[in-house]
Amino acid sequence: MRRPMVAGNWKMHGTRASVAELINGLRHLALPSGVDVAVFPPCLYINQVIDGLKGKSISVGAQNSAVESMQGALTGEIAPSQLVDAGCSLVLVGRQAGGSGVLGGPAERGGSRGGGHGVRNRKFAAAQACGLIPVLCVGETLEQREAGKTLEVVGRQLGSIIEELGVGAFANAVIAYEPVWAIGTGLTATPQQAQDVHKAIREQLAAENSEVARGVRLLYGGSVKAANAVELFGMPDIDGGLIGGASLNADEFGAICRAAGN
């Protein structure tokens, strides 16, 4: 039985004061014991969040990491080994594809360091080599969905990891399906639309290794709120959510976590 997971991606939000307020709200939440909960703050506030959540069963992850596992001459990058040293246990992989397209994950940041399956795959491998759990983000644009290419696009993103690193890499990873068109727009895939993609992901993994497919957790991300969480999480292949804007409100985030525990 897969253990549900709810992860909050704070994206580029927060100040020391607002983060302290959010930490205080999270500390007072009654979280379900059967759900893994994590938050991904901006890197500037990782230490503040880790210190503030001590004693609370909430893991802390990073929103990005470098392609190299150890420290080196990469200005502005953060090595996964440094994230481990800071106390992180997870890292998002695939959310840094350049431009407005998708290369392994929703695109929110430009720049040559972000794009390409090769870069994403190296980040995935480097994170695992340092003991971090990579949360691989995959998804399609609205144009790709309207062209009927959703499963093709997502399958290609997943297949690149399988081809380069082997399906066994997913035995210690999480996959988040995040349609680009549903990120920060208020739009969301219907529960059945999301389930269809999650099922296809699991079937693609099962074709390589049925045990890995049964065990890997698949999260849905894309305007998840307390109001739609129960129905989304009730789908057989959806094991929780990667939550954006709603994770910035402790009460709303707590309600989503409880929905995953139902």
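About the cut-offs
- Residues numbered from 1 in each chain as written.
- Predicted model: local features only at pLDDT ≥ 70, side-chain atom pairs only at ≥ 80, totals over all residues.
- Heavy atoms only, no water.
- Helix = DSSP H or I, 4+ residues; strand = E, 2+ residues; numbered from the N terminus.
- Rg over C-alpha atoms; globule rule 2.2 N^0.38 Å.
- Buried < 20%, exposed > 50% of the residue type's maximum accessible area, 1.4 Å probe, protein only.
- Areas by Shrake-Rupley, 256 points an atom, 1.4 Å probe, with all protein chains shown as cover.
- Lys, Arg positive; Asp, Glu negative; His and termini not counted.
- Charge placed at Lys NZ, Arg CZ, Asp CG, Glu CD.
- Pairing = 2+ DSSP bridges.
- Right-handed = clockwise from strand over helix to strand, strands pointing away.
- Salt bridge = Lys/Arg side-chain N within 4 Å of Asp/Glu carboxyl O.

A.B. asks: Which residues make up the overall build of the protein, and what are the values?
C.D. replies: Counting its regular elements, the protein contains 10 helices and eight strands. In terms of C-alpha radius of gyration, the protein reaches 17 Å, essentially the compact-globule figure of 18 Å for 262 residues. Seen through its principal axes, the protein has C-alpha atoms that stretch 45 × 45 × 35 Å. Expressed as a percentage of the 262 residues in the protein, the buried residues total 53%. Element-wise, carbon and sulfur atoms account for 51% of the exposed surface of the protein, whose accessible area totals about 11,400 Å². Within the protein, one finds 22 positive and 23 negative side-chain charges whose respective centroids are separated by 4 Å.

A.B. asks: Go over the pairing of strand E3 (residues 59-62), please, and point to the residues and values.
C.D. replies: The pairing of strand E2 (residues 36-40) with E3 spans two bridges and is classified as parallel. If you follow Val39 over to E3, its bridge partner there is Val60. Of the crossover connections in this fold, the one passing from E2 over helix H2 (residues 46-52) to the parallel E3 is right-handed. Here two bridges tie E3 to strand E4 (residues 90-93), and the two strands are oriented parallel to one another. From the neighbouring strand, Gly61 faces E4, where its bridge partner is Leu90. With helix H3 (residues 80-86) bridging E3 and its parallel neighbour E4, the resulting β-α-β unit is right-handed.

A.B. asks: Explain the pattern of salt bridges to me, using residue names and the numbers behind them.
C.D. replies: Inspection of every chain in the model, using the stated rule, returns nine salt bridges. In this structure, the salt-bridge partner of Asp239 is Arg2, at a minimum N-O distance of 2.9 Å. Placement of Asp239 in the loop between helix H9 (226-233) and strand E8 (240-243) and of Arg2 in the segment before strand E1 (5-9) is noted, with a sequence separation of 237 residues between them. On the basis of relative accessibility, which here comes to 8%, the residue Asp239 falls in the buried class. Between Glu68 and Arg122 there is a salt bridge whose closest N-O contact spans 2.9 Å. Of this pair, Glu68 sits in the loop between E3 and H3 while Arg122 sits in helix H4 (residues 117-129), and the two are 54 residues apart along the sequence. On the basis of relative accessible area, Glu68 is assigned to the partly exposed category, the value being 37%. Arg122 gets classed as partly exposed once you look at its relative accessible area, which sits at 39%. Beyond isolated ion pairs, a larger network of salt bridges with shared partners links Arg2, Arg202, Asp237 and Asp239.

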